[in-house]
Amino acid sequence: MMLKKWIVFSVVLVFILSGCQSNRNAANDAGYDLRTDQSKTNYMSNRGKNQQHLVEDDITNQNPNFLDLEQTGSGGEAGAGNYGNDTNKAKQVIADMNEFVTDSVWINGNRMWVSVYKKGMLSNQERINAEASLHRKLMQALPRYQIEVRVKEDRR
């Protein structure tokens, strides 16, 4: 009986002592250390060893719904993903009419939402007529979009 207790106690003691082993050389025993291996190809990422990871790459490719309005592109090409020229064209059409001030121009897919201000008080019929005239001009300039126009009163 005493021998069984001694064997069980010895086995438990061996397990406990083996868990207290120092991990001082564990990094040297590893087959591949990502941080210290600069001489070989880094198989853990798609970058080569001379390419630097830029934070800007993560930000610009993070969400496809954030439009890059600085680059050129008409938005009409398949997969363009860039509607900068189209929003600028819509703003130019609004400015050329000389009766509206642009509030916002949004594009999502083939839909464009345009909000503008017009000076003074507007009746319902005047608002409808202003929206219709602006809608006609925008459709002539940008026929590929389904355009929604909203005219607001600028009471300043």
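Preceding this paragraph is the structure being described.
Conventions adopted
- Residues numbered from 1 in each chain as written.
- Predicted model: local features only at pLDDT ≥ 70, side-chain atom pairs only at ≥ 80, totals over all residues.
- Heavy atoms only, no water.
- Helix = DSSP H or I, 4+ residues; strand = E, 2+ residues; numbered from the N terminus.
- Buried < 20%, exposed > 50% of the residue type's maximum accessible area, 1.4 Å probe, protein only.
- Contact = heavy atoms within 4.5 Å.
- Areas by Shrake-Rupley, 256 points an atom, 1.4 Å probe, with all protein chains shown as cover.
- Salt bridge = Lys/Arg side-chain N within 4 Å of Asp/Glu carboxyl O.
- Expected span 1.5 Å × (residues − 1).
- Arc of directions from axis to C-beta.

### Brief notes about the overall build of the protein
Here's step 1: Across its full length, the protein holds 5 helices and 3 strands.
Here's step 2: Scanning the protein from its N terminus toward the C terminus, one meets helices and strands in the order α-α-α-α-β-β-α-β.
Here's step 3: Residues counted as buried form 21% of the 156 residues belonging to the protein.
Here's step 4: Restricting to contacts in the protein with at least 6 residues of sequence separation, those with at least 24 account for 49%.
Here's step 5: Per element, the accessible surface of the protein, about 12,500 Å² overall, is 52% carbon and sulfur.

### Examining the environment of Ile 147
Here's step 1: Mapped onto the elements, Ile 147 comes out in strand E3 (residues 146-154).
Here's step 2: Exposure remark for Ile 147: the relative accessible area of 6% places this residue in the buried category.
Here's step 3: C-alpha of Ile 147 to C-alpha of His 135: the two residues are 12 residues apart in sequence and 7.0 Å apart in space.
Here's step 4: Once residues lying within four places of it in the same chain are set aside, the contact partners of Ile 147 are Met 112, Val 114, His 135, Leu 138, Met 139 and Leu 142.

### A word on the pattern of salt bridges
Here's step 1: Applying the stated criterion across every chain, the model contains 5 salt bridges.
Here's step 2: Measuring nitrogen to oxygen at the nearest pair gives 2.7 Å for the salt bridge that ties Asp 103 to Lys 152. Placement of the pair is Asp 103 in strand E1 (residues 101-108) and Lys 152 in strand E3, with a sequence separation of 49 residues.
Here's step 3: Overall, Asp 103 belongs to the partly exposed group, its relative accessible area being 34%.
Here's step 4: Its salt-bridge partner being Arg 111, residue Glu 148 comes within 3.0 Å of it at the nearest N-O pair. Here Arg 111 lies in strand E2 (residues 111-119) and Glu 148 lies in strand E3, a separation of 37 residues in the sequence.
Here's step 5: The exposure class of Glu 148 is partly exposed, given its relative accessible area of 38%.

### Quick notes on helix H5 (residues 124-141)
Here's step 1: Between its first and last C-alpha, H5 extends 26 Å over 18 residues, near the 26 Å set by a 1.5 Å rise per residue.
Here's step 2: Among all positions in H5, only Ala 130, Ser 133, Leu 134 and Leu 138 are buried. The arc enclosing the buried residues of H5, seen along the axis, measures out at 130 degrees, which places them on a common side. Residues of H5 that are exposed and point over 90 degrees away from its buried face: Asn 124, Arg 136 and Gln 140.
Here's step 3: Elements that come into contact with the buried residues of H5 comprise helix H4 (84-97), E2 and E3.

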